[in-house]
Structures are given as structure tokens and as C-alpha cells.
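This is what each chain is made of:
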Amino acid sequence: MGKKDAEYEGFLRGLATAERIAKEVENDPNGGKVSVELAKVIRMRKATGITLTHTPKEMHAATETIKMYTIHTVFAMIALVLYEQYGFGGKRLVRLKQEFDIHAKALMEGSIDWLDVMEGLKSETGMELFIPKELMQQRITSA
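Each chain carries its own residue numbering, running from 1 in the written order of its sequence. The model is predicted, so local features are restricted to residues of pLDDT at least 70 and side-chain atom pairs to those at 80 or more, both for listing and for counting; the totals for chains, interfaces and linings are taken over all residues. Values shown for side chains rest on all heavy atoms present in the structure; no hydrogens or waters enter the calculation.

**Side note on the overall build of the chain**
Now for step 1: A run of DSSP states H or I qualifies as a helix once it reaches four residues; a run of E qualifies as a strand once it reaches two. Both are numbered from the N-terminal end. From N to C terminus, the chain includes six helices and zero strands.
Now for step 2: Ordered by position from N to C terminus, the α and β elements of the chain give α-α-α-α-α-α.
Now for step 3: Burial here depends on accessible area, computed with a 1.4 Å probe over protein chains only, as a share of the maximum for the residue type. Under 20% is buried, over 50% is exposed, and the range in between is partly exposed. Expressed as a percentage of its 143 residues, the buried residues of the chain come to 17%.
Now for step 4: Here the analysis covers contacts within the chain between residues at least 6 apart in sequence; of these, 53% occur between residues at least 24 apart. Note on definitions: a residue-residue contact is assigned when non-hydrogen atoms from the two residues lie within 4.5 Å.

**Structural notes on the nonpolar core**
Now for step 1: What is meant by a nonpolar core is a set of buried Ala, Val, Leu, Ile, Met, Phe, Trp, Tyr and Cys residues, joined one to another through side-chain atoms within 4.5 Å. Ranked by size, the top nonpolar core spans five residues in total: Phe 75, Ala 79, Leu 82, Phe 88 and Leu 93.
Now for step 2: Among the elements that make up this core, the one with the highest residue count is helix α3 (residues 56-86) (three residues).

**A look at helix α4 (residues 90-109)**
Count 3.6 residues to each turn of an α-helix, and residues three or four apart come out pointing the same way.
Now for step 1: Between its first and last C-alpha, α4 extends 28 Å over 20 residues, near the 28 Å set by a 1.5 Å rise per residue.
Now for step 2: Among the residues of α4, Leu 93, Ala 104, Ala 106, Leu 107 and Met 108 are the ones counted as buried.
Now for step 3: After α4 finishes, the residue Gly 110 shows a positive phi value of roughly 85°. Residue count minus one, scaled by 1.5 Å, sets the expected span of a helix.

**Focus: the pattern of salt bridges**
Now for step 1: For this analysis, a salt bridge means a side-chain nitrogen from Lys or Arg found within 4 Å of a carboxyl oxygen belonging to Asp or Glu. On inspection of all chains with the given rule, the structure shows three salt bridges.
Now for step 2: Between Asp 101 and Lys 97 there is a salt bridge whose closest N-O contact spans 2.7 Å. Residue Asp 101 and its partner Lys 97 are both found in helix α4; the two are separated by four residues, about one turn of the helix.
Now for step 3: Given a relative accessible area of 25%, Lys 97 falls into the partly exposed group.
Now for step 4: Across the salt bridge formed by Glu 128 and Lys 122, the nearest N and O atoms sit 3.7 Å from each other.
Now for step 5: Residue Glu 128 is classed as exposed on the basis of its relative accessible area, which comes to 54%.
Now for step 6: The class of Lys 122 is partly exposed, set by a relative accessible area of 45%.

**Details of a nonpolar patch on the surface**
Now for step 1: Patches in this entry comprise residues that are over 30% relatively accessible and not in a salt bridge; like charges within 9 Å are linked, as are nonpolar side chains (Val, Leu, Ile, Met, Phe, Trp, Tyr) within 5 Å. Using a 1.4 Å probe, the Shrake-Rupley method yields the accessible areas, and only the shown protein chains count as cover for residues. Taken together, the side chains of Leu 121, Met 127 and Leu 129 present a nonpolar region at the surface, about 240 Å² in accessible area.
Now for step 2: The partly exposed category is assigned to Leu 121, whose relative accessible area is 30%.

**Structural notes on the packing of aromatic side chains**
Now for step 1: Geometry of aromatic contacts follows a simple scheme: Phe, Tyr and Trp rings, the Trp one being its six-membered ring, pair when their centres are within 6.5 Å, and the pair is stacked under 30 degrees between planes, edge-to-face over 60, tilted otherwise. Considering all chains together, one arrives at one aromatic pair under this definition.
Now for step 2: Considering the side-chain rings of Phe 75 and Phe 100, the 5.0 Å spacing of their centres and the 50° angle between planes classify their relative orientation as tilted. Linking Phe 75 in helix α3 with Phe 100 in helix α4, this pair joins segments that are 25 residues apart in sequence.
Now for step 3: The class of Phe 75 is buried, set by a relative accessible area of 10%.
Now for step 4: When its relative accessible area of 22% is taken as the criterion, Phe 100 is described as partly exposed.
Now for step 5: Throughout this description, the term charge over a ring refers to an Arg CZ or Lys NZ atom that lies within 6 Å of the ring centre and within 35 degrees of the ring normal. A cation sits over an aromatic face here: Lys 97 above Phe 75, 5.3 Å from the ring centre.

**Here's the deal with the confidence of the model for the chain**
Now for step 1: Across the chain, the average pLDDT comes to 77, with 69% of residues at 70 or higher.
Now for step 2: The pLDDT value expresses, per residue, how confident the predictor is, ranging between 0 and 100. Averaged pLDDT values for the elements of the chain fall to 60 in helix α6 (residues 133-137) and rise to 93 in α4.
Now for step 3: Low pLDDT, under 50, characterises residues 138-143; the stretch is placed with eleven contacts to residues that sit more than four places away or in other chains.

Written as C-alpha cells, this is what we have:
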């Protein structure tokens, strides 16, 4: 397959994915604007390098367990460092966990995304967080 053929095939896959997203949004009882939803998908996929042909709903279902496991293990590492290096006690760690859970829930429900978190931290604290280039270059593709 030539380069033009591969690009065209990718274009057709993209159109099919956009069409499926549009149908999901159209049938959503909460309503929504197709262009807004597609813009969110494009923004996130550009930032993460995800090139799957699955809709956000399909990706969400497939990754729910992985996300929850990751959130819990990351919090455990944060709590350990704060306890060992900064002297956080049990009460303080419980309060941190409660606040962490609020933000994790917002991420899981989609009211904020990782880009919002990273941009917010940069504007509030000057701390720049990013997805490493080597991860961005690892394109995830469906078979």
C-alpha cells in the first residue's frame, strides 16, 4: 500500500469514527453539540497521541478499570512520599485523600481532563507538567 493509500485509509477511518461519535452524541439523553464533543476528542487525542478508531464511549468502557487502578496506586505513592519526606500524619493524609478523590471523580466523570489539570497547575503555581515526548511518540493504533 502506497503512502497516499494509507493516508486515505486513515482519513476514512477518521470519518467513520467522527460519524460514530456524532451518533452517540445525537442519541445522548443529555443532549450536546456534536462539534463541541468532536473538538474535545481531537484536543485530547492530539495531546495524548491516541489514534484509535474507537469512540470516547468505547474507550471509556475499555479503560475504566485501568484508570481506577492507576488513580489508587498513584495516590498510594504520593501518600508514602508525603509521609516519609514531609512528615504528613494520618489525619492530614486522610484530608488529602478526600480532596484527591474529589478531583479524581471529576476526571472520571469528564468534568475536567488531564490537560485542564496540567494547565491549571501551570497557571496557579508555575509548575509545568506534561506527557513525556517518548510516550507521545508511541502511537496506539487499533488492529
